[in-house]
Amino acid sequence: MGATRQTSPPAASRAPRTARAPRRWRLPFSGWHLVLMPLALLFATPLVQMVLSSLKTNAEIRRFPPTLLPRDPTLSGFVQLFTESDVLRWIANSVLVASCAVLAQVLLCSMAGYGFSRMRFLGRTGAFVLIIATMMIPTQLLMIPTYVMFSRVGIVNTLPSIIVPWLTSAFGVFLMRQFFLSLPAELEEAARLDGCSAFGVFWRIILPLAKPALATLAIFTLLGSWNDLIWPLISISDDRWFTLQLGLANFQGTRRTEWQMLMAGNVVATMPLIVFFVLAQKHFIATMTFSGLKG
Amino acid sequence: MNGLRRAGTGWAFIGPSSLIILGLSVFPAGWAWILSQQRWNGFSRPRNIGWANYRAMADDEALRAAVLHTAFYTALFVPASVLGGLFIAVALNRRIRFIGFYRTCIFVPFVASATAVGILSNYLFDPQFGFANSVIRTLGLPAQKFLEDPRQAMVVIAVMTLWSGLAFTVVVYLAALQDIPADLVEAATVDGASRLQAFRYVVWPQLTPVTVFSGIWQLIGALQLFDVVYTTTRGGPLDATQTIVYFLWEQAFKQLRFGYGSAVAYGLFALTLAITLVMLGYSRLAKVRAF
């Protein structure tokens, strides 16, 4: 966790200890800059280009050689996006799906994580093992039966069909359980003696303490549900219920040549996450590290 | 009585999640197994055909091609992602000026969706006006067709998925690097090891569990490649980027072959499981503990 923490000294900026041919001159800065600067720029280029070209006209985007900065910046791509497509509706759909997903996972996963870590009762271990085992099942295996199931219930091609699979997750339950296991038990015991109900203890004492883990879970869920493509693609065919990602992906087929509009859409879909990432980088990195080390 | 009440409270907490998770995974997984032994288009009466779907997979040229394309992508993506991630993590693991800027630049693509990656790939690698060709022309080389060339398309997809996916390996390696006590490396250098030797003999062995783990993790992801194919080439040109999951999706949801699609999905599951077990077994033999 916390990739910003550093324990190793800056090896490269230190004078080398080993005997080497004496060097006549030394770089006035760490040699790693020569590696990192080009790499950083290379990684930033696509996103920077995305933003810059969303401000260009279609004609300028299609010019060769490409221009770096827009000659006369214009918002016509955004205007076209918002007037000629249902993008506002798709944004609303995506926001609804992502907020339901985040709220539901925060509540349901922390409840289950609390139950699995702090209570002893019949069937607890069996249920937990079963839930962990489901993490092995690839989603591709579940798509066909889930589609059939949802169409029998009659929710296929509606927003609930893309919300329901995000309501809770084995990963989230596991994450919250691990977190609660690390909390000291005395707190809740005191509250229990004061006559608090089990849910009262969970709601008033435990949940407020769980903020770091909840942030990790919320970011994980937000990224997943906002960016999901394959399941909306399967379940939704009516463009009123498109998510933003699905709507943009379908532009690729129908409006492939209208680059200014595509780029504007891309900015609208990606920029919120980028801003959020830069603001909450620490939590994002904790999320990535945890999802990497869960095994 | 007390035990009953405790069970009631406990299940009130774990019930909702357990019900949803098991209902949306174990139940459909079992159903998929039944489906994989049937011929069914979703409307008519399903017909039980035993192992015929699995036998048909063995003779399916298109599926074989999809497996080969997926293998090619995996062979490009997994080693590059593990080695590249390790290299960048080592580079980023120091306290120099601008390090925060470098980290942000390298990590930010992680939030880009498959749609965003797809649109950017089409844009940057456009044969007519793309940046990639602009760079290539400046170097005096002939312009390339990239995503429109059957031999290059998968490479472009690998490059762009690396761009957005590399941050994951970097972060995992970076966390592991920071857990290695600094005096360990210090001691080696005092004993006369060069910086490269210290890395090879002191740091690298400590990282092996992470290497095995992130290798398996990225491998599972690579075998399931779908999204970026859908948002760039849609399997083309000449089916050159048709992957296993893309094939599965077309079979199930374009051709409505639910039975055959389920069989392919179980095939993919078995393949993933087998490769993971082999990798784990190998690392166990090599005296490495990843989990």
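Residues numbered from 1 in each chain as written. Chains lettered and ligands numbered in written order. Predicted model: local features only at pLDDT ≥ 70, side-chain atom pairs only at ≥ 80, totals over all residues. Heavy atoms only, no water.

Regarding the overall build of chain A
Thinking step 1. The helix and strand tally for chain A stands at 15 helices and zero strands.
Thinking step 2. Burial statistics for chain A: of 295 residues in total, 53% are counted as buried.
Thinking step 3. Long-range pairs, those at least 24 residues apart, make up 71% of the contacts in chain A between residues at least 6 apart in sequence.
Thinking step 4. With the model as given, the accessible surface of chain A reaches about 13,600 Å², and the carbon-plus-sulfur share is 66%. (Helix = DSSP H or I, 4+ residues; strand = E, 2+ residues; numbered from the N terminus. Buried < 20%, exposed > 50% of the residue type's maximum accessible area, 1.4 Å probe, protein only. Contact = heavy atoms within 4.5 Å. Areas by Shrake-Rupley, 256 points an atom, 1.4 Å probe, with all protein chains shown as cover.)

Examining the interface of chain B and chain A
Thinking step 1. Contacts between the two partners involve 108 residues from chain B and, on the opposite side, 113 residues from chain A.
Thinking step 2. Both faces considered, chain B and chain A share a buried interface measuring about 9,600 Å² in area, 74% of it formed by carbon and sulfur atoms.
Thinking step 3. Of all residues in chain B, F13, V111 and F129 of chain B bury the most surface against chain A, accounting for 9% of the area lost on that side.
Thinking step 4. Taken together, the links from chain B to chain A amount to 13 residue pairs in polar contact (both at pLDDT 80 or more).
Thinking step 5. If one sorts the elements of the side of chain B that touches chain A by residue count, helix 1 (residues 2-24) of chain B sits on top with 16 residues.
Thinking step 6. A breakdown of the residues in the side of chain B that touches chain A according to their chemical character gives 71 nonpolar, 25 polar and 12 charged. (Buried area = accessible area lost by both parts, 1.4 Å probe. Polar contact = N/O pair within 3.5 Å; in protein donor to acceptor, adjacent residues only side chain to side chain. Nonpolar A, V, L, I, M, F, W, Y, C, P; charged D, E, K, R; others polar.)

A word on empty space enclosed by the protein
Residue and element names in this part refer to chain A.
Thinking step 1. On inspection of all chains with the given rule, the structure shows two cavities of 30 Å³ or more.
Thinking step 2. For the second largest cavity, the calculated volume is near 40 Å³.
Thinking step 3. Around the second largest cavity, the lining residues are V97, I162, W166, S225, D228, W231, P232 and T243.
Thinking step 4. Taken together, the residues of the lining of the second largest cavity break down into five nonpolar, two polar and one charged. (1 Å grid on protein atoms, 1.4 Å probe; cavity = no way out; pocket = protein on both sides within 12 Å on 5 of 7 lines; lining within 4 Å. Points joined across faces, edges and corners; volume = space filled by probe spheres on them.)

Focus on the confidence of the model for chain B
Thinking step 1. Considering every residue of chain B, the mean pLDDT works out to 90; 98% of them sit at 70 or more.
Thinking step 2. Here helix 9 (residues 182-190) of chain B is the element of chain B with the lowest mean pLDDT, 85, and helix 4 (residues 61-92) of chain B is the one with the highest, 96. (pLDDT = per-residue confidence, 0-100.)

Considering the packing of aromatic side chains
Thinking step 1. By the definition in use, this model includes 42 aromatic pairs over all chains.
Thinking step 2. Relative to F87 of chain B, the ring of W32 of chain A lies with its centre 6.5 Å away and its plane at 50 degrees, an arrangement referred to as tilted. Within this pair, whereas W32 of chain A is found in helix 1 (residues 32-53), its partner F87 of chain B is found in helix 4, the two belonging to separate chains.
Thinking step 3. Classification of W32 of chain A by relative accessible area gives buried; the value is 18%.
Thinking step 4. Between F168 of chain B and W217 of chain B the ring centres are 6.0 Å apart and the planes differ by 25 degrees, which places this aromatic pair in the stacked class. With F168 of chain B in helix 8 (residues 153-179) and W217 of chain B in helix 10 (residues 195-223), this residue pair connects regions lying 49 residues apart in the sequence.
Thinking step 5. Note on F168 of chain B: relative accessible area 6%, which makes it buried.
Thinking step 6. According to the relative accessible area criterion, W217 of chain B is partly exposed, its value standing at 32%.
Thinking step 7. Three or more aromatic residues link up through ring pairs in this structure, and these residues are Y114, F179, F180, F199, F202 and W203 of chain A together with F13 of chain B.
Thinking step 8. In this structure, R89 of chain A is placed above the aromatic ring of W241 of chain A, and the distance from its NZ or CZ to the ring centre is 5.1 Å.
Thinking step 9. If you follow R200 of chain B out to its NZ or CZ, it ends over the ring of Y201 of chain B, 4.9 Å from the centre. (Phe/Tyr/Trp six-rings, centres within 6.5 Å; stacked < 30°, edge-to-face > 60°. Lys NZ or Arg CZ within 6 Å of the ring centre and 35° of its normal.)

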